[in-house]
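Tertiary structure, described
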Amino acid sequence: MKTRLFVSEALINGTVVVVEGDRARYLGRVLRLRTGDPITVFDGTGPEWPATIENMTKSTVTLQVGDSREAGTESPLKIHLVQGVSRGERMDFVVQKATELGVKRITPVLTEYGVVKLDGDRAAKRREHWAGVAVSACEQSGRTRPPLIDAPISLKQWFGAKPAGADVDLILRPGAGTPLAGATAPATKACILVGPEGGFSDTEYEDAEVAGFDAVSLGPRILRTETAAAAALAIMQSVWGDLRK
Ligand code: SAH
């Protein structure tokens, strides 16, 4: 498969782009690409561009960019995942799988039973790390728009400042009477809350209900938080999104 590379500067048809540092070394040393090799680049705005490696040094790669084309990998269903922050690797898994499954926005929330505490500095570092995980998942999966990753926020605060706009608001709750696949279909936007390892507290379920969230189930087995997020997104894309075709 052709290498796909995210570049942070805005791409324009026919221009030359110089990639430096770690990303350049990755193309040369790890992927062993050479002058003349074709790659695909994207800048996060939607399209992708074919490009050719024009020149390589130890720390720079010069790319000749062609004409943009649509990748067709973004789902028309806009899913906003509000995810209880779980321990390191688990949360990385959620961000990676959610990106592969076409999520548009991820809000990491700190909950009552959550085991992770994040202060200002660590929160900013985690967010940056998760943004990197999402970009890698876009490169690997063919997506061209990395999901927006919000700064971690307490669930209580998030309910207070909840962005309006989803057609359907759902919360995953073991034992809920309605299966996720049977929830009201969103026109284009759905928001889904997934608990951390320890689940949500009764107060959090009440706050969610007051905020207009419908409780839905993923069946009779309790899934780990990262499994629940991935399963929920796959179901939503297959019932309402781009896994239908
Ligand atoms: N002991 C916790 C389990 C947490 S599992 C509890 O009883 O709530 C982590 C999260 O995954 C849950 O908070 C929920 O949002 C989701 N989840 C896991 N299995 C589920 C299921 N069968 N139905 C609905 N949500 C589920």
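Residues numbered from 1 in each chain as written. Predicted model: local features only at pLDDT ≥ 70, side-chain atom pairs only at ≥ 80, totals over all residues. Heavy atoms only, no water.

What about the pattern of salt bridges?
Note the cut-off: The salt bridge definition used is simple: a Lys or Arg side-chain nitrogen within 4 Å of an Asp or Glu carboxyl oxygen. Strands here are runs of E lasting at least two residues and helices are runs of H or I lasting at least four, both read from the DSSP assignment and numbered beginning at the N terminus. Only protein chains enter the area calculation, which uses a 1.4 Å probe; residues under 20% of their type maximum are buried, those over 50% are exposed, and those in between are partly exposed.
Tallied over the full model, the rule gives 14 salt bridges. Glu-48 is paired through a salt bridge with Arg-69; the nearest N and O atoms lie 3.0 Å apart. You can see Glu-48 sitting in the loop between strand E3 (38-42) and strand E4 (49-56) and its partner Arg-69 sitting in the loop between strand E5 (60-65) and strand E6 (78-84), a full 21 residues away along the chain. Accessibility expressed as a relative area gives 34% for Arg-69, which makes it partly exposed. Three or more residues joined by partner-sharing salt bridges are found here, namely Arg-4, Glu-48 and Arg-69.

Some points on helix H5 (residues 202-210)
Rules: What the arc measures is the spread of directions leading from the helix axis to the C-beta atoms. In what follows, residue pairs with any heavy atoms lying within 4.5 Å of each other are defined as contacts.
Within the sequence span of H5, burial applies to Glu-204, Tyr-205 and Ala-208. For H5, the arc enclosing every buried residue in end-on projection is 100 degrees, short of the 170-degree limit, so these residues lie on one face. Facing away from the buried surface of H5 by more than 90 degrees, the exposed residues are Asp-202, Glu-209 and Val-210. Buried residues in H5 make contact with helix H4 (155-160) and strand E10 (168-172). Looking one or two residues past H5, Gly-212 carries a phi angle of roughly 90 degrees, positive in sign.

With respect to the sheet that holds E5
Cut-off, in case you're wondering: The pairing criterion for strands is at least two bridges between them, as found by DSSP. Each axis is a line fitted through C-alpha atoms, taken for helices only over the stretch in contact, and angles between the N-to-C directions span 0 to 180 degrees.
In space, the five strands of this open sheet follow the order E1-E3-E4-E5-E2, with mixed pairing throughout. The outermost strands of the open sheet, each flanked by one partner alone, are strand E1 (4-6) and strand E2 (16-20). Strand-to-strand twist across the sheet, computed as the mean angle between neighbouring axes with direction ignored, equals 40 degrees. Bridging between E1 and E3 involves three bridges; their strand directions are parallel. Pairing of Phe-6 across the sheet is with Phe-42, part of E3.

Quick word on the site of the ligand
This is how the line gets drawn: Think of it this way: one heavy atom of a residue within 4 Å of a molecule or strand is enough to make that residue near it. Polar contacts, as used here, are pairs of N or O atoms within 3.5 Å; protein pairs need one atom able to donate a hydrogen and one able to accept it. Residues neighboring in sequence count only if both atoms are side-chain atoms. Accessible surface area values rest on a Shrake-Rupley calculation with a 1.4 Å probe, where residue burial reflects the displayed protein chains alone. In this classification, the charged set is Asp, Glu, Lys and Arg, the nonpolar set is Ala, Val, Leu, Ile, Met, Phe, Trp, Tyr, Cys and Pro, and all remaining amino acids, among them Gly, are polar.
The ligand sits among 18 residues. The nearest are Leu-172, Leu-218, Gly-219, Arg-221 and Leu-223. Within the backbone of Leu-218, a nitrogen or oxygen atom sits 2.9 Å from a nitrogen atom of the ligand. The backbone of Leu-223 places a nitrogen or oxygen atom 2.9 Å from a nitrogen atom of the ligand. Burial of the ligand by the protein amounts to 84% of the accessible area it has alone, namely 540 Å². Tallied by class, residues from the shell around the ligand come to nine nonpolar, six polar and three charged.

As for the domain arrangement of the protein chain
Our working rule: Boundaries of every domain are those given by an automatic assignment or by a domain database. By convention, the term buried area covers the 1.4 Å-probe accessible surface removed from two parts as they join, with the contributions of both added.
Per the domain assignment, the segments making up the protein chain are domain 1 (4-70) and domain 2 (78-239). Domain 1 puts ten residues into the contact, and the matching count from domain 2 is eight residues. Summed over both partners, the interface of domain 1 with domain 2 buries about 740 Å², with 51% contributed by carbon and sulfur atoms. Across the domain 1-domain 2 interface, the total number found is one salt bridge.

Regarding the packing of helix H2 (residues 88-100) against helix H3 (residues 120-141)
What counts, and what does not: What sets the label is the angle itself: under 35 degrees gives roughly parallel, over 145 gives roughly antiparallel, 65 to 115 gives roughly perpendicular, and the rest give oblique. Definitions for this section: a left-handed crossing has its near helix turned counterclockwise from the far helix by less than a right angle. A right-handed crossing has that turn clockwise.
The contact between H2 and H3 brings their axes to 8 Å, and the two run at 40 degrees. Viewed along their axes, H2 and H3 adopt a mutual orientation that is oblique. Regarding H2 and H3, the two cross each other, and that crossing is right-handed. Where H2 abuts H3, its residues Gly-88, Met-91, Asp-92, Val-95, Gln-96, Thr-99 and Glu-100 lie against Arg-126, His-129, Trp-130, Val-133, Ala-134, Ala-137, Cys-138, Gln-140 and Ser-141. For the contact of H2 with H3, a count of residues per class yields seven nonpolar, six polar and three charged.

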